[in-house]
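So you can see what is in the structure, the chains are spelled out below.
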Amino acid sequence: MKYDIAAFDFDGTLADTMPWFNTILNTVAEKYNFRKIDASEREALRSRDAMEILKYLNIPLWKLPAIMTHVRTLMQEIDPSVQLFDGIPQALARLKASGLRLAVVSSNSVENVKRVLGEETAALFDDYECGSDLFGKAAKIDRLLKQHGTPPERFLLVGDEMRDIDAARKAGVRVGSVAWGYNHVDALRGRGPDELFLAVQDLPNALA
C-alpha cells in the first residue's frame, strides 16, 4: 500500500454540497455585502482558485471567518438536503478494510461533517481535523503527521479544489484530486496532483 493515511476534504469530495451552496450564495452575499453572481458566473469560477474567487466576489480576507461561521450554521439547519456522493460509503469501507487510516480534514464543523456522514460511515474515520479558516488545512495536516509519526510521503490528502493541492504542497504531503467536486478537472490537472480520481470507485481501486 502506497499510503498509511488518507485524509479527505468534506465539501465537494465526500458530500455533494455545491447545489445547496449555490442556493444560499446570493443570500449570504446580500447579508455580507459581497458580489452576487448568476449561474454562468458560478460555472466560470469553477476554473479559478480560491484567492481568485474571493477577489472576483469582492470578499476581503477579514470577512471570511464570519461568512464561514454563518454558512456552517445554515448547513446545520438544512443538512437533510446535503447528501454524500453515490458510492462514497462503500468506497470508504473498502479503504478502511484494506488497513488504511482515514481522516477528515475540513474547514466545515465536525458536527456538520458527522451529521452528513451518518453514524456508520462516520465511524470509519480515525481522525477529524475540522473547523477553523478556509486556508488552514496545512496546519491540520501537520498535526496529523506529528500525532501519528507518519512520513509525509505516506500521507495522501484527497480533495476537490486547487486549494487542497496547495495545502498538501505546503505541508509536504502527497495529494489526490477528485473530478466530481467544485473545481473543474482540467483546472485540477493544471496544478499537477499526484493522484487523479475520475470516479468514486477509483478511490478503492487505486488505494486499497
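Before reading further, recall that the structure is shown in the block above.
Since this is a predicted model, take the numbers as computed values, not measurements. (Residues numbered from 1 in each chain as written. Predicted model: local features only at pLDDT ≥ 70, side-chain atom pairs only at ≥ 80, totals over all residues. Heavy atoms only, no water.)

Peer 1: Is there a simple way to think about the pattern of salt bridges in this case?
Peer 2: Should their charged atoms come close, side chains of opposite charge can pair. Under the defined criterion, the tally for this structure stands at 16 salt bridges. Glu43 is paired through a salt bridge with Arg46; the nearest N and O atoms lie 3.5 Å apart. Under the relative-accessibility criterion, Arg46 is labelled buried at 15%. Residue Arg101 pairs with Asp127 through a salt bridge whose shortest N-O separation is 2.8 Å. Of the two residues, Arg101 sits in strand 2 (residues 101-106) while Asp127 sits in strand 3 (residues 127-130), which places them 26 residues apart along the sequence. The network of salt bridges with shared partners includes Asp9, Lys137 and Asp164. (Salt bridge = Lys/Arg side-chain N within 4 Å of Asp/Glu carboxyl O. Buried < 20%, exposed > 50% of the residue type's maximum accessible area, 1.4 Å probe, protein only. Helix = DSSP H or I, 4+ residues; strand = E, 2+ residues; numbered from the N terminus.)

Peer 1: I keep staring at the pairing of strand 5 (residues 174-178) and nothing clicks. Help me out?
Peer 2: Consecutive side chains of a regular strand alternate in pointing toward one face of the sheet and then the other. Among the five residues of strand 5, four are classified as buried, and the element is accordingly described as predominantly covered. Where strand 4 (residues 155-159) lies against strand 5, four bridges are found, and the strand directions are parallel. Across the sheet, the residue bridging to Gly159 is Ser177, located in strand 5. Between the parallel pair strand 4 and strand 5, the chain is carried across by helix 9 (residues 162-171), and the sense of this crossover is right-handed. The β-α-β motif built from strand 5, the intervening helix 10 (residues 185-191) and the parallel element strand 6 (residues 195-197) has right-handed crossover chirality. (Pairing = 2+ DSSP bridges. Right-handed = clockwise from strand over helix to strand, strands pointing away.)

Peer 1: What exactly am I supposed to notice about the packing of aromatic side chains here?
Peer 2: For any pair of aromatic rings, the description consists of the separation of the ring centres together with the inter-plane angle of the planes. Across all of its chains, the model carries three aromatic pairs by this definition. Ring centres of Phe125 and Tyr128 lie 5.9 Å apart, and the angle between their planes is 55 degrees; on these two criteria the pair is classed as tilted. The exposure class assigned to Phe125 is buried, which follows from its relative accessible area of 6%. A residue is classified by how much of its surface remains accessible, and Tyr128, at 21% relative accessible area, is partly exposed. When the ring centre of Tyr56 is taken as reference, the NZ or CZ atom of Arg35 above it lies at 4.1 Å. Above the face of the Tyr128 ring, Lys114 is positioned so that its terminal group lies 4.7 Å from the ring centre. (Phe/Tyr/Trp six-rings, centres within 6.5 Å; stacked < 30°, edge-to-face > 60°. Lys NZ or Arg CZ within 6 Å of the ring centre and 35° of its normal.)

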